[in-house]
Amino acid sequence: MTVYIDDAVHPWRGERWAHLMADTLPELHALAQQLGIPRRAFQNLPSGVHYDVPAPLREQAIALGAQPISRHTDRTRMRQVIANARALYQP
């Protein structure tokens, strides 16, 4: 089981943001909690469950065990991670 964090490429509110995704919801919530991200920040979306992570926390997520993944160089793996995040969506 793995938690992933993509490139911090999405600008919003003056910062760049990454997406924290995982093979399972318990893993996802556990790492977000370790990062100090509140559960209310969890995004349970049909496009994929995830947490948005500000770029400065990306390195901390990696230090805690998240696997870095790039939308630019890991495209096949990224598609698999996103497909799994979509499958974890719970309406």
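Structure: see above.
This one's a predicted model, so the numbers in the text were calculated from it and none came from an experiment. (Residues numbered from 1 in each chain as written. Predicted model: local features only at pLDDT ≥ 70, side-chain atom pairs only at ≥ 80, totals over all residues. Heavy atoms only, no water.)

A. Highlighting the overall build of the protein. In terms of regular secondary structure, the protein is built from 3 helices and 5 strands. Counted from the first residue to the last, the protein has its helices and strands arranged as β-β-β-α-β-α-β-α. Computed over its C-alpha atoms, the radius of gyration of the protein comes to 12 Å, within 12% of the 12 Å expected for a compact globule of 91 residues. Overall size of the protein, expressed as C-alpha extent along the three principal axes, is 30 × 30 × 25 Å. Taken over 91 residues, the protein has a buried fraction of 42%. When contacts within the protein are restricted to residue pairs at least 6 apart in sequence, long-range pairs at least 24 apart make up 57% of them. (Helix = DSSP H or I, 4+ residues; strand = E, 2+ residues; numbered from the N terminus. Rg over C-alpha atoms; globule rule 2.2 N^0.38 Å. Buried < 20%, exposed > 50% of the residue type's maximum accessible area, 1.4 Å probe, protein only. Contact = heavy atoms within 4.5 Å.)

B. Focus on the environment of A30. By secondary structure assignment, the location of A30 is in helix α1 (residues 25–34). The class of A30 is partly exposed, set by a relative accessible area of 38%. When the C-alpha positions of A30 and V3 are compared, they lie 9.7 Å apart, and in sequence the two are 27 residues distant.

C. Just the nonpolar core, in detail. Counting residues in each nonpolar core, the largest one holds 27 residues, and the members touching the most others are I5, L20, L28, I37, V49, Y51 and A66. Elements with a minimum of two residues in this core: β1 (3–6), β3 (15–22), α1, β4 (51–54), α2 (55–63) and α3 (75–87). For Y51, the contacting residues outside a window of four places in its chain are A18, H19, L20, L28, H29, A32, I37, P38, R39, A41 and F42. (Core = buried A, V, L, I, M, F, W, Y, C linked by side-chain atoms within 4.5 Å.)

D. Quick peek at the environment of S70. Along the polypeptide, S70 turns up in the loop between β5 (67–69) and α3. Using a relative accessible area of 11% as the deciding quantity, one classes S70 as buried. Along the backbone, S70 and S47 are 23 residues apart, and their C-alpha atoms lie at a distance of 18 Å. Here S70 is in contact with D7, R75 and M78, once residues within four sequence places are set aside. Side-chain polar atoms of S70 contact the backbone nitrogen of H72, separated by 3.0 Å. (Polar contact = N/O pair within 3.5 Å; in protein donor to acceptor, adjacent residues only side chain to side chain.)

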